[in-house]
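# Breakdown of the fold
The primary structure of each chain is shown beneath.
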Amino acid sequence: MKTPVIISLRIFLLITACLELNAQTNSVPDNMDKPLRVEFKAKSENETYRIIPFGEKGLLLFYKSLETVGNSMVNWYFIQYDSNLRQEWIKSIPIENTHEYVSGATSKDTIGLLFYGEGKGKEKTPGMMLLRIIPGKGVFISNPVVLSVNAFPVIMKFNGNKAYIGLNVKDAAARLMILDLPTGMPENVSLSSSMLSTVIGMQVDSVVPVVRIILKKQIEKNRSEMYFLEIDSSGIVKTEAAVTAISDDIYLQNAEFVKLPAGETLIIGTYGSASKQRGLSKKKMMEESTGFFFTRIEMGKQSTLTFVNFLSLKNISNVVDDKELASVRRKALKNNRDISDFSVDLNLILHPVIGQNGTFILPAEAYIPQYHSENFTDFDFYGRPFTNSYTVFDGYRFTSAMVVAFDEQGRVLWDNSMEIRNLLSFELTPKVELYFTSGKIVMTYLDEGRVASKIIKENDVVEKVDFSPVDPEFPNDKLISEKKGRLLHWYRNFFLCYGYQEIKNIALEGNNKRQVFYFSKLKFE
């Protein structure tokens, strides 16, 4: 009989200044020392606070203010905290008021933030700025770039003195921008000649100066194909390999990839029915998946291909709706066939592949769009009342997380899953974090002021889902609502949680209700 291993979650107590910062000003008054977390006043969850953690060196908090500089600039504020949540410095940087934050990346000693704006007027000229920050020195370096019409950045990576930025272009070929950081000079590489294409994934090799890209090329109006590219630091395409499903009935959708020590590349992604495929020129829409595919690129060519139907996974019953799964089982029994001969469709967000000792782990999260109907009374030409209704999009309801482990041949070694409760978001970004410890995996996410965690070991559940509250600022604080909450692995066994909260505290004099942006440091033990 196994002895259960209990991993508890507790707040790592920190003595830090409780700061109050109005998001529209640059004043940061000191307050008395207070444990646990840092809070900022916020008018709503639509404010622009963001956090970039960078290991034991601390974290960067930044936001857009309303302070204008000249006719076309606005101040963004940047605040660095050390790993004990002590503020080290605060600076403001003017950025074009049409620019918004797109994405960030970190290297050994630098944080890169990418800002993008479409431009104004009929002749829109999009612009982009890469802002590099050296946290330890508080140094800011900006690289403004003018983009061609209809181009917009989707992903950015660093390698040495170059930044690699994937650009999608409306109704045209995607591009790779190689930005020389010392000079600020950009070089654009077309990724598919004149053919419509989009970048769906990119990695930069930290050893060899090579960029690896997963690309979708539109072959016909409603048919696209996946390609794997390797491009050197001078923009020369060294490898271009088609990643095909072989069967015309199967469509390869999304993919993540990882390099093997021998130079081969493993690609793991999702596939679905080719009949549901959409053209790349249309707005990005959800694509339901039927299962996972596994392939590898050797010597510049696709060499193997394996498909894994979701229904063949051992823990799929924790992911698929009970009624839908029961219906499929009845069909399989009636036709005297295996359940994996049928299929179910899931909307999935893929995480990066995690390689561990010859095992390749792909986390994914399932979600469904959620709507509700609202009715109102209207009147016709003769004044007679009638009822009208319309549909309102509430966001994406995250339902579960999956973890599937493959070997180098694409065989499934094990799989597991975790139910996600009460998590509704307008952003299709990963919510669940994985933490590896002592041969086990902790699956965890933030849920309305609580940290949900489940401990697994391959196919087995070591500890079922448990909820641990994140302590508030004051003992009598009562959480009314939380929006845009997120839990991130920070370093070692420390985590960051943050989000917007509405809090009520009847013990406080005056205004006993407050809206805040907060972040806390947590420790898994």
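The sections below set out a description of the structure shown in this document. (Residues numbered from 1 in each chain as written. Predicted model: local features only at pLDDT ≥ 70, side-chain atom pairs only at ≥ 80, totals over all residues. Heavy atoms only, no water.)

A word on the overall build of the protein. Across its full length, the protein holds one helix and 36 strands. At 25 Å, the protein has a C-alpha radius of gyration in line with the 24 Å of a compact globule built from 525 residues. Each principal axis of the C-alpha atoms in the protein carries an extent, and together these give about 75 × 70 × 60 Å. Split into buried and exposed, the 525 residues of the protein put 49% on the buried side. If you sum the accessible surface of the protein, you get close to 25900 Å²; carbon and sulfur atoms cover 49% of it. (Helix = DSSP H or I, 4+ residues; strand = E, 2+ residues; numbered from the N terminus. Rg over C-alpha atoms; globule rule 2.2 N^0.38 Å. Buried < 20%, exposed > 50% of the residue type's maximum accessible area, 1.4 Å probe, protein only. Areas by Shrake-Rupley, 256 points an atom, 1.4 Å probe, with all protein chains shown as cover.)

On to the pairing of strand β8 (residues 87-96). Here nine bridges tie strand β7 (residues 73-81) to β8, and the two strands are oriented antiparallel to one another. By the bridge assignment for β8, V74 is matched with I95. Taking the residues between adjacent antiparallel strands as the criterion, β7 and β8 are bridged by five residues, where L85 takes a positive phi near 60 degrees. (Pairing = 2+ DSSP bridges.)

A separate point is the sheet that holds β7. In spatial order, the strands read β5-β6-β7-β8; together these four strands make up an open sheet with antiparallel pairing. Each having just a single partner strand, β5 (50-53) and β8 make up the two edges of the open sheet. Neighbour to neighbour, the strand axes of the sheet diverge by 25 degrees on average, direction disregarded. (Axes fitted to C-alpha atoms, helices over the stretch in contact; angles between N-to-C directions.)

Let us look at the pairing of strand β20 (residues 237-243). As paired strands, strand β19 (residues 223-232) and β20 are joined by six bridges and run antiparallel to one another. Each bridged residue has a counterpart across the sheet, and for E230 the counterpart in β20 is T239. Counted along the chain from β19 to the antiparallel partner β20, the turn is four residues long, and its residue G235 has a positive phi close to 95 degrees.

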